[in-house]
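# Fold and contact review
Here is what each chain is made of, one letter per residue.
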Amino acid sequence: SEGESAAKKAKGMQLKMVKTLWGMEEAGDPTKWDDMFASIKAKGYAGIEAITLGWRGNVDLLVELLNKHGLALVCQIHTTGGDL
């Protein structure tokens, strides 16, 4: 049946919770990212969601800290406006 097929496909999948940085003051200050990511990880999140404007000037630091804290990145993309 269709339900059984979907269940077989879903077997082995995992739902992972991701914390958005939207509205977090620390997100705008790269000197606070280490502590912020530690806190996010301690709360059980598997990753963060962030807009590129918030981190693209600090890509190396972002990658270093995500790896340090075992977090993934979900990149929020805006498709309108002057900065894509």
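Residues numbered from 1 in each chain as written. Predicted model: local features only at pLDDT ≥ 70, side-chain atom pairs only at ≥ 80, totals over all residues. Heavy atoms only, no water.

### Quick look at the nonpolar core
Counted only if it meets this: Put simply, buried Ala, Val, Leu, Ile, Met, Phe, Trp, Tyr and Cys residues joined by side-chain atoms within 4.5 Å make one nonpolar core. Buried, partly exposed and exposed residues are distinguished by accessible area as a fraction of the type maximum, computed with a 1.4 Å probe on protein chains only: under 20%, between the cut-offs, and over 50%, respectively. Only runs of H or I of at least four residues qualify as helices and only runs of E of at least two qualify as strands under DSSP, and these elements are numbered from the N terminus. In this description, contact between two residues means that some pair of their heavy atoms is separated by no more than 4.5 Å.
One finds Leu-21, Trp-33, Met-36, Phe-37, Ile-40, Ile-48 and Leu-62 to be the most contacted residues of the largest nonpolar core, which totals 13 residues. Residue assignment for this core shows that the elements contributing at least two residues are helix 2 (33–42), strand 2 (47–51) and helix 3 (59–69). Take this core: its biggest share by element is 4 residues, from helix 2. Once residues lying within four places of it in the same chain are set aside, the contact partners of Met-36 are Leu-21, Met-24, Glu-26 and Ala-27.

### Here's the deal with the side chain of Gln-76
Following the sequence through the fold, Gln-76 ends up in strand 3 (residues 72–76). Under the relative-accessibility criterion, Gln-76 is labelled buried at 19%.

### So, the confidence of the model for the protein chain
Inclusion rule: Scored between 0 and 100, pLDDT is the confidence that the predictor attaches to each residue.
The predicted model of the protein chain averages 87 in pLDDT, with 88% of residues at 70 or higher. Within the protein chain, no element has a lower average pLDDT than helix 1 (residues 2–10), which sits at 69, and none a higher one than helix 2, at 98.

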